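Each chain, letter by letter, is given below.
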Amino acid sequence: MLIEIPAADGTAEALVARPSTGAGPFPGVILYMDAFGLRPRIQDMAQRIADWGYVVLAPNVFYREGTAAELAPESDMSTQEGREAAGAAAFPRVGRLTTDKALPDLAAWVDALGSLGGVAPGPIGVVGYCMGARLAVRTATAHPDAVAACGGFHGGGLATADPDSPHLGLGNARARFVFGHADHDQSMGPDAVARLGEALDAAGLEAVNEIYAGAPHGYSMADTSAFHAEATERHFRELRELLDGTLKA
């Protein structure tokens, strides 16, 4: 279901997924979408996580640019040409979601999750895909008392030379982290993966930080040409282990 929540610069839509069975309350999880926005694939992924026993909130982080329907991809992304066409519209939005805009939104997403009925009090999990992985890390570093688990999959730009690179805030975090990087990813190459690992170690954080061999950037998105079934299932296994091990332990 879609709900509306107050965010820093207006009203944002968000998907909410709840367990198909069982009596709550359930731990809460924020799912940060990829650049292509809220759409059936994101809803499917949120529901799969929810059915592990979680309430999942997936906000439209591009709400300043339009509604989920207005920003939905218009091309068939299962072809390389269609994915590139969708990216021509989507990728500029990523650049416009600057850190100074994103940070106040993160607080709104955390508050919104906590206000949902059936969400258990206590720590939450966050997970992000592609550019959403950066938002997941920023949530864990900006809200260390709230976030106990953070997953990032085929994320880009997690450990750059920029003064506001997400990895630089890891000293503030208390979460357990799991990263599943895409192979040969120009947005998160081996040097960046190593830099991220060094920052995790320096912060004394429990973390998995691995490259999924043969998996392209965007591997978990079944509605695109980048989909890689084996890597997708691996990511779901590792994500579930992360969430269950921190939020249900």
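Within any chain, residue numbers begin from 1 and follow the written order of that chain's sequence. In keeping with the predicted nature of the model, local features appear solely for residues at pLDDT of at least 70, side-chain atom pairs appear and are counted solely at 80 or more, and the whole-chain, interface and lining totals rest on all residues. Water and hydrogen atoms were dropped before computing side-chain values, which therefore reflect all heavy atoms in the structure.

Asker: What should I look at first to understand empty space enclosed by the protein in this one?
Answerer: Space left empty within the atom packing is revealed by a probe, the size of a water molecule, rolled over the atoms. Of the grid points, spaced at 1 Å and generated over the protein atoms alone, those admitting a 1.4 Å probe that cannot get out make up cavities, while open sets with protein on both sides within 12 Å along at least five of seven lines make up pockets; any residue with an atom within 4 Å of a point is treated as lining. Grid points are joined across faces, edges and corners, and a volume is the space filled by probe spheres set on the points. In total, this model carries one cavity of 30 Å³ or more according to the counting rule given. The volume enclosed by the largest cavity comes to roughly 40 Å³. The wall of the largest cavity is formed by Met-33, Gly-37, Leu-38, Asn-60, Phe-62, Ala-68 and Leu-71. Ten residues, namely Ala, Val, Leu, Ile, Met, Phe, Trp, Tyr, Cys and Pro, are considered nonpolar, four, namely Asp, Glu, Lys and Arg, are considered charged, and the remaining ones, Gly among them, are considered polar. Within the lining of the largest cavity, the residues separate by chemical class into five nonpolar, two polar and no charged.

Asker: Which parts of the structure should I look at to understand the sheet that holds strand S1 (residues 2–7)?
Answerer: Pairing between the strands of a sheet is mediated by backbone hydrogen bonds and can be parallel or antiparallel. Here, a strand pair is defined by DSSP locating no fewer than two bridges between the strands. Only DSSP runs of H or I reaching four residues or more are called helices, and only runs of E reaching two or more are called strands; each is numbered from the N terminus. Here eight strands make up an open sheet; going across it, the order is S1-S2-S4-S3-S5-S6-S7-S8 and the pairing mixed. The outermost strands of the open sheet, each flanked by one partner alone, are S1 and strand S8 (207–212). Adjacent strand axes in the sheet meet at a mean angle of 20°, parallel and antiparallel pairs treated alike. In this sheet, strand S4 (residues 55–59) lies alongside strand S3 (residues 28–32) in parallel orientation, the contact comprising three bridges. Bridging across to S4, Val-29 finds its partner in Val-56. The strands touched by helix H1 (residues 40–50) within the sheet are strand S2 (10–17), S3, S4 and strand S5 (124–129), with S2 carrying the most contacts at an inclination of about 55°. Running at roughly 170° to S8, helix H6 (residues 190–202) makes contact with strand S7 (176–182) and S8 of the sheet. Each axis is a line fitted through C-alpha atoms, taken for helices only over the stretch in contact, and angles between the N-to-C directions span 0 to 180 degrees. Any two residues whose heavy atoms approach within 4.5 Å are treated as being in contact.

Asker: I would appreciate a short explanation of the pairing of S1 in the present structure.
Answerer: Taken residue by residue, a regular strand's side chains alternate between the two faces of the sheet. Exposure categories follow from relative accessible area, calculated using a 1.4 Å probe and restricted to protein chains: below 20% of the type maximum is buried, above 50% is exposed, and the middle band is partly exposed. Alternating residues of S1 divide into Ile-3, Ile-5 and Ala-7, all buried, and Leu-2, Glu-4 and Pro-6, none buried. As paired strands, S1 and S2 are joined by six bridges and run antiparallel to one another. Within the sheet, the bridge partner assigned to Leu-2 lies in S2 and is Leu-15. Joining the antiparallel neighbours S1 and S2 is a turn of two residues.

Asker: Explain the environment of Asp-244 to me, please; I cannot follow it from the model alone.
Answerer: On the secondary structure map, Asp-244 appears in helix H7 (residues 229–247). Here Asp-244 falls in the partly exposed class, since its relative accessible area comes to 24%. In the structure, Asp-244 is positioned 191 residues away from Gly-53 in sequence and 9.0 Å away in space, judged by C-alpha atoms. One polar contact links Asp-244 to Tyr-54, side chain to side chain, over a distance of 2.5 Å. Polar contact is the term for a pair of N or O atoms within 3.5 Å; when the atoms are in protein, one must be able to donate a hydrogen and the other to accept it, and sequence-neighboring residues count only if both atoms are side-chain atoms.

Asker: Looking at this structure, how should I read the packing of H1 against H7?
Answerer: For any two helices packed against each other, the geometry comes down to the angle between their axes and how far apart the axes lie. As a packed pair, H1 and H7 sit with axes 11 Å apart at the nearest point and diverge in direction by 45°. When the interaxial angle is binned, H1 and H7 end up oblique. Along this stretch, H1 crosses H7, giving a crossing that reads as right-handed. Contacts between H1 and H7 involve Arg-41, Met-45, Arg-48 and Ile-49 from the former and Thr-232, Glu-233, His-235, Phe-236, Leu-239 and Leu-243 from the latter. Split by residue class, the contact of H1 with H7 holds five nonpolar, two polar and three charged. Orientation labels follow simple angle bins: below 35 degrees gives roughly parallel, above 145 gives roughly antiparallel, 65 to 115 gives roughly perpendicular, and whatever is left gives oblique. Note on convention: near helix rotated counterclockwise from far helix by under a right angle means a left-handed crossing. Clockwise means right-handed.

Asker: How should I be thinking about the side chain of Thr-232 in this particular structure?
Answerer: Take Thr-232: it is sitting in helix H7. With near-sequence residues (within four places) excluded, Thr-232 lies in contact with Arg-41, Tyr-219, Ser-220 and Phe-227.

Asker: Help me understand the pattern of salt bridges, please; the structure alone is not making it clear to me.
Answerer: Note that side chains of opposite charge can pair when their charged atoms are close. Any carboxyl oxygen of Asp or Glu that lies within 4 Å of a side-chain nitrogen of Lys or Arg is treated as forming a salt bridge with it. Within this structure, the stated rule accounts for twelve salt bridges. Arg-39 is the salt-bridge partner of Asp-34, the closest N and O atoms lying 2.8 Å from each other. Taken as a pair, Asp-34 and Arg-39 share a single burial class, namely buried. Across the salt bridge formed by Asp-244 and Arg-240, the nearest N and O atoms sit 3.4 Å from each other. Pair noted here: Asp-244 and Arg-240 are both in helix H7, with a separation of four residues, about one helical turn. When its relative accessible area of 37% is taken as the criterion, Arg-240 is described as partly exposed. One connected set of salt bridges, linked through shared partners, spans Asp-9, Arg-64 and Asp-105.

Asker: Would you explain the nonpolar core in this entry?
Answerer: The nonpolar side chains of soluble globular proteins are, as a tendency, buried together. By convention a nonpolar core is built from buried Ala, Val, Leu, Ile, Met, Phe, Trp, Tyr and Cys residues, the set being connected through side-chain atoms within 4.5 Å. If you look at the biggest cluster of nonpolar residues, it comprises 88 residues, and the most contacted ones within it are Leu-31, Ile-49, Trp-109 and Phe-177. Residue contributions to this core peak at seven residues, all from helix H4 (residues 99–115). For Ile-49, the residues in contact, after removing those within four places along its chain, are Leu-31, Tyr-54, Val-56, Val-127, Tyr-129, Leu-239 and Leu-243.

Asker: Got a minute to help me understand H4 in this structure?
Answerer: Owing to its 3.6 residues per turn, the α-helix aligns residues three or four sequence positions apart on the same side. For a helix, the expected span equals 1.5 Å multiplied by the number of residues minus one. For H4, built from 17 residues, the straight-helix expectation of 24 Å at 1.5 Å per residue is met to within 8% by its first-to-last C-alpha distance of 25 Å. What H4 keeps buried is the set Thr-99, Ala-102, Asp-105, Leu-106, Ala-108, Trp-109, Val-110, Ala-112 and Leu-113. Contacts from the buried residues of H4 go to S1, S2, S3, S4, S5 and helix H5 (131–142).

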